[in-house]
Amino acid sequence: MASVLLPYAGERLPQQVAGKDHGVRPFIVPLNDASGAMSRGVSCTLFPARPGAKAIDHSSTSFTHVPLPAGALLGNLHGSLEDERWAFLHAIHRVTVGTLCLSTSNATVLCVAGCIAGRYSAQRRVGAPKSVPILSFSTQYGPIARILAHAVVFDNWAIESTKMFMANVGKLDMQNVIGGVFKATVLSYTQKALSDLVDRCGWQGLYAHNQIAELWLAEKGNSIAEGDFVVLCIRLASEVLLGRYAPPKARDPQCLLARYEAGVWDEARQICASLKGGHRGPEFNARILPLSLPLVQATGQSMACEAAKDALVHRSAHGLAMTPQVLDLYESTCMMEDQSWYVENGIMSRQEMLDRNVDAVTSMLPLLGDMINDRAVDAFINAPMVEQDRLAAFFSSLP
């Protein structure tokens, strides 16, 4: 078995040949033989099980004085510094593929978790003498409706992002933008959304057998795998502000989310222009880096909205079914995340945004029952709490 060995990003290990630093270089390194015995100088330590991770074990592989032949080096040692940067990006380009691929699972995860919470909320009843399902309360149906709306939008955006990614084969910077923006946007939302759903299911939401908490932890791992999404945003936002490349332009600049995207990026450029010490100085660190995730999210929300509008216009057979109600609720939910910007720029008052969001949620209610009980997700749901009979059978099986 062989593997490509790459140092951790940011841990620049100098590879000096004839006194010249050639940066981070990839090598082919034999790890073990056919019997499983580790190669000389190579050791592997198995980590304990990680909550939420079922598909794969994790371990740490270390190397101590491992001799390598010259042919183990991938690439060559000739070229300019820019060539070295491109060579490194090319060597790890599969990481960018993984950045996008792993993140596309979030649409399904949101759909499954939303359906679990919705079905639980429909059968869990409170009140006396006449009880009502807790799904009848806005604090319950509101979060579930918003999360299912995001699942539909993200599913259609994943399809469009995949097409864009494939259309930019060989353009590593643009592929980094597409994958990085998608990952940062969907994962940051998914983490907040699943945490909210755990709360909305009470103590039962905390248990792995009811799936939501386990899905939450699984996607937490994906937020770090193939590039920590905050670190991806720092790099992406910094390079965009430095003018090295730019994300795709909005197809409709007058769309509310596109206006927001343009506005926050303009603000960041003005801040950046006023700083001393360049992009590696303390002022950039203090003022720009904390904006990286919100900036990238603004771009992602706008791109997702465009993909949703396109799916609505063309009634695409791919992805979860898009409706005007889903699109309105998605857009409104994104706007509610930064109400101050819309108020400050005279676009909409805070009360207008609150009313708009209530109306969007209300318009989704006639669709919510069918979305929660979508038979297409049944195969993914085994949580006992979604049905009284299933829950009773689960409790009776416990020691």
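Residues numbered from 1 in each chain as written. Predicted model: local features only at pLDDT ≥ 70, side-chain atom pairs only at ≥ 80, totals over all residues. Heavy atoms only, no water.

The name an unreviewed UniProt entry assigns to the chain is Acyl-CoA oxidase C-alpha1 domain-containing protein, from the organism Bimuria novae-zelandiae CBS 107.79.

1. Overview of the domain arrangement of the chain
A common measure of how large an interface is: the accessible area buried when the components associate. Rules: An automatic or database domain assignment provides the domain bounds reported here. Each of two parts loses accessible area, computed with a 1.4 Å probe, when they are put together; buried area is these two losses added. Put simply, a salt bridge is a Lys or Arg side-chain nitrogen that is within 4 Å of an Asp or Glu carboxyl oxygen. Think of a polar contact as two N or O atoms within 3.5 Å of one another; within protein, one of them needs to be a possible hydrogen donor and the other a possible acceptor, and neighboring residues in sequence only count if both atoms come from side chains. The nonpolar class holds Ala, Val, Leu, Ile, Met, Phe, Trp, Tyr, Cys and Pro. Asp, Glu, Lys and Arg form the charged class, and all remaining residues, Gly among them, are polar.
Domain annotation for the chain reports domain 1 (1–75) and domain 2 (86–375). Taking only C-alpha atoms into account, the centre of domain 1 sits 34 Å from that of domain 2. With both sides pooled, the region where domain 1 packs onto domain 2 buries about 610 Å², and carbon together with sulfur makes up 69% of that total. Between the two partners, domain 1 and domain 2, sit zero salt bridges. Between domain 1 and domain 2 we count one residue pair in polar contact (both at pLDDT 80 or more) in total. Each residue belonging to the side of domain 1 that touches domain 2 can be placed in one class, and the counts come to four nonpolar, one polar and two charged.

2. As for the layout of surface pockets
To be explicit about the condition: With a 1 Å grid laid over protein atoms only, a set of points is called a cavity when a 1.4 Å probe fits there but cannot get out and a pocket when it is open yet has protein on both sides within 12 Å along at least five of seven lines; lining residues have an atom within 4 Å of a point. Grid points are joined across faces, edges and corners, and a volume is the space filled by probe spheres set on the points. In DSSP terms, a helix is any run of H or I states spanning at least four residues, a strand is any run of E spanning at least two, and both are numbered starting from the N terminus.
Volume-wise, the second largest pocket comes out at about 280 Å³. Around the second largest pocket sit 15 residues that line it, and P248, K249, E261, A262 and R269 are the ones nearest its centre. With six residues, the single largest contributor to the lining of the second largest pocket is helix α8 (residues 256–274). Here the residues of the lining of the second largest pocket sort into ten nonpolar, one polar and four charged.

3. Considering the nonpolar core
A general trend in soluble globular proteins is that nonpolar side chains are found buried together. Threshold: Residues grouped as a nonpolar core are buried Ala, Val, Leu, Ile, Met, Phe, Trp, Tyr and Cys residues, joined through side-chain atoms within 4.5 Å. Note on exposure labels: buried denotes an accessible area under 20% of the residue type's maximum, exposed denotes more than 50%, and partly exposed covers the range between, all computed with a 1.4 Å probe on protein chains only. Only heavy atoms enter the contact rule, under which two residues are in contact if any of them lie within 4.5 Å.
Core analysis: the biggest nonpolar cluster contains 96 residues, and W157, I212 and M322 have the highest contact counts within it. Counting residues per element, this core draws most heavily on helix α4 (residues 138–167), at 14 residues. If sequence neighbours within four positions are ignored, M322 has contacts with V152, V153, N156, A308, A311, L312, R315 and L327.

4. Focus: the packing of α8 against helix α10 (residues 292–314)
Inclusion rule: Each axis is a line fitted through C-alpha atoms, taken for helices only over the stretch in contact, and angles between the N-to-C directions span 0 to 180 degrees. Here is the rule for angles: anything less than 35 degrees is roughly parallel, anything more than 145 is roughly antiparallel, 65 through 115 is roughly perpendicular, and the remaining ranges are oblique. Crossing handedness follows the turn of the near helix against the far one: under a right angle anticlockwise gives a left-handed crossing, and clockwise gives a right-handed one.
At a minimum axis distance of 8 Å, the contact between α8 and α10 shows a crossing angle of 160°. Put simply, α8 runs roughly antiparallel to α10. Both α8 and α10 take part in a crossing whose hand is left-handed. Residues L257, A258, Y260, E261, V264, W265 and A268 of α8 pack against L295, V296, A298, T299, Q301, S302 and C305 of α10.

5. Considerations on a nonpolar patch on the surface
Note the cut-off: By definition, no residue in a patch forms a salt bridge, and every one has over 30% relative accessible area; like charges are joined within 9 Å, nonpolar side chains (Val, Leu, Ile, Met, Phe, Trp, Tyr) within 5 Å. Residue-level accessible areas treat just the shown protein chains as cover; the underlying method is Shrake-Rupley with a 1.4 Å probe.
On the surface, W203, L206, Y207, F395 and L398 cluster together into a nonpolar patch covering about 560 Å² of accessible area. Structurally, W203 can be placed in the loop between α5 (172–200) and α6 (212–224). Exposure remark for W203: the relative accessible area of 51% places this residue in the exposed category.

6. Focus on the UniProt feature "domain: Acyl-CoA oxidase C-alpha1" (unreviewed entry) in the chain
For clarity, the cut-off: UniProt positions are given in the numbering used here, feature names are shortened, and annotations may be inferred rather than shown by experiment.
Taking the numbering used here, the UniProt-annotated feature "domain: Acyl-CoA oxidase C-alpha1" (unreviewed entry) corresponds to residues 102–238. Between the C-alpha atoms that bound residues 102–238 there is a distance of 24 Å. The span itself is 75% helix and 3% strand.

7. Notes on the confidence of the model for the chain
Short version of the rule: You can read pLDDT as the predictor saying how much it trusts each residue, on a scale of 0 to 100.
Per-residue pLDDT for the chain averages 89, and the proportion of residues at 70 or more is 93%. Per-residue pLDDT stays below 50 along residues 1–14; that stretch engages in 31 contacts with residues further than four places along the chain or on separate chains.

8. Some points on α5
Defined as follows: Here a helix's expected span is defined as the number of its residues, less one, multiplied by 1.5 Å.
Between its first and last C-alpha atoms α5 spans 41 Å; for 29 residues at 1.5 Å apiece the expected length is 42 Å, and the two agree. Of all 29 residues making up α5, 22 are buried, and the element is well covered by its neighbours. One or two residues past the end of α5 sits G202, with phi positive at roughly 65°.

9. Concerning the pattern of salt bridges
Enumeration over the complete set of coordinates arrives at nine salt bridges. Of the charged contacts in the structure, one is a salt bridge between R375 and D378, with a shortest N-O distance of 2.9 Å. The exposure class assigned to D378 is partly exposed, which follows from its relative accessible area of 27%. With a closest N to O distance of 3.9 Å, E387 and R390 form a salt bridge. The exposure class of E387 is partly exposed, given its relative accessible area of 41%.

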